[in-house]
Amino acid sequence: MSAYERIADLTVTIESVDRRRYTADTTSGFERTTTEFRLAGDGLVGRGEDVTYDTADHDALAGTDPIDLEGEWTIADLSAALDDVDLFAAKPPEQKSSRNYRRWAVESAALDLGLRQADTSLGEYLGIEPDPVRFVVSTRLGDPPSADRVEELLAVDGDLEFKLDPTPDWPDSAFERLCETDAVRILDLKGWYEGTDVDVPADPELYRDTLAAFPAAVIEDAAFTAETRPLLEPQADRLSFDYPIDGVEAIESLPVDPGWCNVKPSRFGTLESLLETIAYCREEGIELYGGGQFELASGRTAIQTIAALFYPDGPNDIAPGAFNDSEATPPYPRSPLKSSDDAVGFEF
């Protein structure tokens, strides 16, 4: 029986739906807003976080009634019912992907509530013992780019590992100093983004420098063009994809058979799609690691829980929130993260 088949029949009783908004400044220089959906029943609350990036989409929820989900459901029946619910009834989302983000918030909240009502954790329900979770720290290199931020963090904790986003303005000195740290595990080229603030053009010179400087690192979201394809195809076993991945079909349509996949649960929308994709990658021998989206509340715990159960040893980009908090100071949490013996629901 698959992981999804095991949770599909889990029952959940929903008596009310509420929302809570979160806002915080990040170390990446922007203000993050998220909305947590809170489903209540039997004196308990299940939480799921909508990580939609556009603040306007969260603003549109103000003054609107929460969705009507009252009743007793199975996880599968609730998911089927959500197919007919417009979670952006007030106004269409700024980006199409946001529909999956909000769907994930509701489904993960329902799973959290159902598990709490059963007085169990996701790991216990699936019969999987959570392992300590290895994490990497994702950080920017500043303007102008330098290795200073990485070296500052390593001075506090010499065992930290990193996920970085190379750009054409990285100087040779940044490449050299970062190589010397031997702490960079993932290079995210962000070549699949379009119309966002983080788009990075598919620069063959940048790709060539990155591949050469970090021969053992995972290379994420490289764009395939006539100029970059000859560089990338021989490196397929260390290529990974994130932005386009929202299900099995997305993996099958990639321009190469990748060695890795970055699993961001909210991108999948439904619990079924997420768990089916994890199972598919395992069957195909695709290595997995988790990714975060600047979650401010329960969403961070949820992605850490998934990582602990399915890919604890990967270079998981799910570091505790302190690493994204502009006001946080050392000491920071250390990797690997250990789960709580008292965890209940969709928590770590």
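Everything discussed here concerns the structure shown above.
Rules behind the numbers
- Residues numbered from 1 in each chain as written.
- Predicted model: local features only at pLDDT ≥ 70, side-chain atom pairs only at ≥ 80, totals over all residues.
- Heavy atoms only, no water.
- Phe/Tyr/Trp six-rings, centres within 6.5 Å; stacked < 30°, edge-to-face > 60°.
- Helix = DSSP H or I, 4+ residues; strand = E, 2+ residues; numbered from the N terminus.
- Buried < 20%, exposed > 50% of the residue type's maximum accessible area, 1.4 Å probe, protein only.
- Lys NZ or Arg CZ within 6 Å of the ring centre and 35° of its normal.
- Pairing = 2+ DSSP bridges.
- Axes fitted to C-alpha atoms, helices over the stretch in contact; angles between N-to-C directions.
- Contact = heavy atoms within 4.5 Å.
- Core = buried A, V, L, I, M, F, W, Y, C linked by side-chain atoms within 4.5 Å.
- Arc of directions from axis to C-beta.
- 1 Å grid on protein atoms, 1.4 Å probe; cavity = no way out; pocket = protein on both sides within 12 Å on 5 of 7 lines; lining within 4 Å.
- Points joined across faces, edges and corners; volume = space filled by probe spheres on them.
- Nonpolar A, V, L, I, M, F, W, Y, C, P; charged D, E, K, R; others polar.

Remarks on the packing of aromatic side chains
- Applying the stated criterion to the full structure yields nine aromatic pairs.
- Centroid distance W104 to F346: 6.1 Å. Interplanar angle 70°. Geometry classified as edge-to-face. Pair noted here: W104 is in helix α4 (residues 98-117) and F346 is in the segment after α13 (298-310), with a separation of 242 residues, a long-range link.
- The buried category is assigned to F346, whose relative accessible area is 5%.
- One aromatic cluster is present, built from ring pairs that chain together F135, F323 and Y332.
- Note that R102 overlies the ring of F88, its terminal NZ or CZ placed 3.9 Å from the centroid.

A closer look at unusual backbone geometry
- Residue P330 is joined to P331 through a cis peptide bond whose omega torsion reads 5°.
- By secondary structure assignment, the location of P331 is in the segment after α13.
- Unlike most non-glycine residues, D119 shows phi in positive territory, near 55°.
- Note that D119 resides in the loop between α4 and α5 (122-126).
- In this model, K190 sits at a positive phi of 50°, which is unusual for a non-glycine residue.

Some remarks on the sheet that holds strand β4 (residues 44-50)
- Read across the sheet, three strands follow the order β2-β3-β4 without closing on themselves; strand pairing throughout is antiparallel. Pairing within the sheet leaves two strands with one partner each, and these edge strands are β2 (16-25) and β4. Pairwise comparison of adjacent strand axes, ignoring direction, gives a mean angle of 25° for this sheet.
- Packed onto the sheet, α4 meets β3 (31-41) and β4 and runs at close to 160° relative to β4.

Here we look at the nonpolar core
- One finds L69, L111, L122, F162, L164, L178 and F310 to be the most contacted residues of the largest nonpolar core, which totals 90 residues.
- Discounting chain neighbours no more than four positions away, the residues touching L178 are L141, A147, V150, L164, W170, V184 and F214.
- Core analysis: the next-biggest nonpolar cluster, separate from the first, contains five residues, I186, V218, W260 and Y289 among them.

Examining the pairing of β2
- Strand direction decides the pairing type here: β2 and β3, joined by ten bridges, are antiparallel. By the bridge assignment for β3, R19 is matched with F37.
- In textbook terms, the turn of a hairpin is the stretch between consecutive antiparallel strands, and for β2 and β3 this stretch comprises five residues, one of which, G29, has a positive phi near 85°.

Quick notes on the sheet that holds strand β9 (residues 218-220)
- The seven strands lie next to each other as β6-β7-β8-β9-β10-β11-β12, forming an open sheet whose pairing is parallel. The two strands at the open ends of the sheet, each matched to only one other strand, are β6 (137-138) and β12 (287-290).
- In this sheet, strand β8 (residues 184-188) lies alongside strand β7 (residues 162-164) in parallel orientation, the contact comprising three bridges. Across the sheet, the residue bridging to L164 is L187, located in β8.

Side note on helix α7 (residues 172-181)
- For α7, the full list of buried residues reads A174, F175 and L178. For α7, the angular spread of the buried residues around the axis is 100°, confining them to a single face. Those residues of α7 that are exposed and angled more than 90 degrees off the buried face are D172 and E180.

Some points on the environment of L232
- If you trace the backbone, L232 turns up in helix α9 (residues 229-232).
- Judged by relative accessible area, L232 falls into the buried class, the value being 0%.
- Separated by 25 residues in the primary sequence, L232 and Y207 have C-alpha atoms spaced 8.4 Å apart.
- Apart from the residues within four sequence positions on either side, L232 is in contact with Y207, L211, A222, A223, F224 and L239.

Notes on the layout of surface pockets
- Taken as a whole, the largest pocket encloses approximately 1,200 Å³ of empty space.
- Considering the residues around the largest pocket, the lining is formed by 49 residues, among which F30, R140, K190, V198 and F294 are closest to the centre.
- Of all the secondary structure elements, the ones that give two or more residues to the lining of the largest pocket are β3, α4 and β6.
- With three residues, β3 is the largest single contributor of residues to the lining of the largest pocket.
- Residue classes in the lining of the largest pocket are distributed as 15 nonpolar, 16 polar and 18 charged.
- Here the second largest pocket is characterised by a volume of approximately 250 Å³.
- Q95, K96, S97, N100, Y101, Y243, P244, I245, D246 and R267 together form the lining of the second largest pocket.
- For the lining of the second largest pocket, a count of residues per class yields four nonpolar, three polar and three charged.

So yeah, pure geometry; function would need other evidence.
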